[in-house]
Amino acid sequence: MENTTTIKRFRPHPLYILSNLWRYLFILLIPLVRGLYYVVINSFSLTNGFQFAVNISRWVQGAWMDILFLFAFLSLGILLWVTFTVEVSEDGLLVNRGIFRRETSFLPASRYSCVSLLAPLRLRLFGAVYLRIDTPGGGLQNADLQVMLRKKDCQKIVRMLQVPQGLTPLSPMREYTPKNSYVFLLAMITSNSFAGMLLISTFITQVGNLLGEQFSEMIYGTFENVARTLAFGVPPAAFAAACILFFGYLCAFVASLARHANFHVLRRQNMLEIQAGLLTKRTYRIQTEKIGYLDIRRSLITCILGVYSIFLSTVGYGKFKDDVSALIPCVRKKKLQHSLHLLLPEYHVSPRTICPHRLRSAFRYTWRSVAVLIAVQVARKILCILFPGWIDLIAWVGFMAICPLIWLLIVKLIDLNTAGISCEQDCYTLRYSKGFSLHQVIIRPQRIAKIKIVQSILQKRTGRCDVYVFSYSEGRQLHHVRDLNREQAEKLFDKKRQIKNKTKSPKHLLWAFCLGTEEVIADLGNNRTGTNPFI
């Protein structure tokens, strides 16, 4: 008896007709120009000058042309909708689109990394939802497939493609719902002032385009007057910059809070489902074997509060700026392993076995922050001497520049005492810092693309090195752990593979000696496809 494969065909939601026609609005310029032509021609005469008058009869005589262009405009949208089909089978998705230039693409079900359902409020009113599918072969800026479908059709497609074999409604399921205070805290630490500033400026500009330039000028002028009034003992320009950053952060915080509201995670067999969103409902379905790595992230504030945030890295999850990227918004240290075991028992956090030396590695971890801090102080004093009339502003700007540098120095000191690498239960735990964040990355050997050991001239004397671990999820990711014992690092990562030392020319060695650094000493694997580099 031959196996038969069920194939179902779906078309986009009828709203796709209107959403797709925005690219062809230039067609409506033809009837608009024709109407303006009759208004201008019939309103101007050499004797009376310009008088507004419309010859309705002459306009009606050419109305057939306007109707023809409108019909062509709507017909284009309908043809694009009719020719767009999605055929679904157990093997994957077959997408056909295009009128004059037909495109056919096939997305195998075995290559899906993340299937996302996005339902903005404006689409939910009409029963529509976006289906987005991402695979490792897609681009960094766009999804492999994003199409607007009916909600019931989208649910059918998801059930056919991503439900594990043998899954029934009675299959064991584990759930995680964070406290509202944890979601609030996540929104605080993930908000970006510059993103909020961009959102505010875009809003004011667009409203100004609709209501006139006077509206924008009134908003900016009012803000300038308020800044001059409230700047007690502070230069108005500095106070205005602080206000802009604060309101930008506040706007970004509200957007992040709405994005992570109603956060809920389900784990059923090998499927992880993450739901979140207030105005825009988001649902992400991820197969656990497609996860790149977990990132337990902390900032200085969360270190003081004693909480951790766990983020998930895989193709398609957290890809766009409005996406959710967290797995567990916030959790205390004593519940970290329990919460992680509830959702992903395959991943295990282990205590570090290789770590930097607290005294010998201190310079390696802090010299950049200290150097920039000294440079800012020197520059502030020089500018005060050169521009005595701007001392107040220079002092304020210098103070505002020193604060984040001191913050960064504290983070690097914490990194010095927490950085390291360990391996336990077939999971590597990498501890390092990047910018103002502290990271604990849990990654399985199968997801490591490349391991590189780099040693400087000074490190060579003490037998220490920097370890670079490359992983490939949404693009290439780099994890850099500084100043570890080289022998221990090689033993931990590779006990079987012979290290390949690169031979260098005398000219290259002279250049490396002058810089005080040496290029790659050991390359322990090169793997961009996610297979095991240790075989």
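Above this text you will find the structure in question.
Now for a description of the structure that goes with this document. In this text, all values refer to a predicted model and were calculated from it rather than measured experimentally.

### Concerning the pattern of salt bridges
Link 1 in the chain: Taken as a whole and judged by the stated rule, the model has 13 salt bridges.
Link 2 in the chain: The salt bridge partner of Arg-132 is Asp-134, with a shortest N-O separation of 3.5 Å.
Link 3 in the chain: A salt bridge links Glu-273 to Arg-285; the shortest N-O distance between them is 2.6 Å. Taken together, the positions of Glu-273 in strand 12 (residues 271–276) and Arg-285 in strand 13 (residues 281–287) put the pair 12 residues apart, joining distant regions of the chain. Arg-285 carries the same exposure label as Glu-273, and that label is buried.
Link 4 in the chain: Through salt bridges with shared partners, a single network forms among Arg-132, Asp-134, Lys-319 and Asp-323.

### Some details on the pairing of strand 4 (residues 85–89)
The side chains of a regular strand alternate, residue by residue, between the two faces of the sheet.
Link 1 in the chain: When you tally the buried positions in strand 4, you get 5 out of 5 residues, the bulk of the element.
Link 2 in the chain: Where strand 1 (residues 8–10) lies against strand 4, 3 bridges are found, and the strand directions are antiparallel. Among the inter-strand pairings, Arg-9 is bridged to a residue of strand 4, identified as Glu-87.
Link 3 in the chain: As defined by bridge partners, strand 4 adjoins strand 5 (residues 92–97) across 5 bridges and the pair is classed as antiparallel. Each bridged residue has a counterpart across the sheet, and for Glu-87 the counterpart in strand 5 is Leu-94.
Link 4 in the chain: In this antiparallel pair of consecutive strands, strand 4 and strand 5, the connection spans 2 residues.

### Examining unusual backbone geometry
Link 1 in the chain: At Gln-269, a residue that is not glycine, the phi angle is positive and equals roughly 55°.
Link 2 in the chain: Among the secondary structure elements, Gln-269 is positioned in the loop between strand 11 (264–268) and strand 12.
Link 3 in the chain: With a relative accessible area of 34%, Gln-269 lands in the partly exposed category.
Link 4 in the chain: In this model, Gln-425 sits at a positive phi of 55°, which is unusual for a non-glycine residue.
Link 5 in the chain: The exposure class assigned to Gln-425 is exposed, which follows from its relative accessible area of 54%.

### Quick notes on the pairing of strand 21 (residues 464–473)
Link 1 in the chain: Most of strand 21 is tucked away, with 9 of its 10 residues classed as buried.
Link 2 in the chain: Here 6 bridges tie strand 20 (residues 448–454) to strand 21, and the two strands are oriented antiparallel to one another. Note that in strand 21 the partner of Ile-451 across the bridge is Val-469.
Link 3 in the chain: If you look at the hairpin formed by strand 21 and strand 22 (residues 475–485), you'll find 1 residue sitting between the two strands.

### Topic: helix 12 (residues 336–343)
Link 1 in the chain: Buried within helix 12 are the following residues: Leu-336, Ser-339, Leu-340 and Leu-343. For helix 12, the arc enclosing every buried residue in end-on projection is 100°, short of the 170-degree limit, so these residues lie on one face.

### Topic: the nonpolar core
Link 1 in the chain: Within the largest apolar cluster, 35 residues are counted, with the highest numbers of intra-cluster contacts made by Leu-294 and Leu-327.
Link 2 in the chain: Taken together, the elements giving at least two residues each to this core come down to strand 7 (114–119), strand 8 (128–134), strand 12, strand 13, strand 14 (293–298), strand 15 (307–313), strand 16 (326–332) and helix 12.
Link 3 in the chain: Non-local contacts of Leu-294, meaning those with residues more than four positions away in its chain, are made with Phe-311, Leu-312, Leu-327, Leu-340, Leu-344, Tyr-347, Gln-440, Val-441 and Ile-442.
Link 4 in the chain: Formed by 27 residues, the second largest nonpolar core is a distinct cluster that contains Leu-93, Ala-119, Ile-133 and Leu-161.

Calculation notes
- Residues numbered from 1 in each chain as written.
- Predicted model: local features only at pLDDT ≥ 70, side-chain atom pairs only at ≥ 80, totals over all residues.
- Heavy atoms only, no water.
- Salt bridge = Lys/Arg side-chain N within 4 Å of Asp/Glu carboxyl O.
- Helix = DSSP H or I, 4+ residues; strand = E, 2+ residues; numbered from the N terminus.
- Buried < 20%, exposed > 50% of the residue type's maximum accessible area, 1.4 Å probe, protein only.
- Pairing = 2+ DSSP bridges.
- Arc of directions from axis to C-beta.
- Core = buried A, V, L, I, M, F, W, Y, C linked by side-chain atoms within 4.5 Å.
- Contact = heavy atoms within 4.5 Å.

So, to be careful, I would describe these as geometric facts and stop short of saying anything about function.
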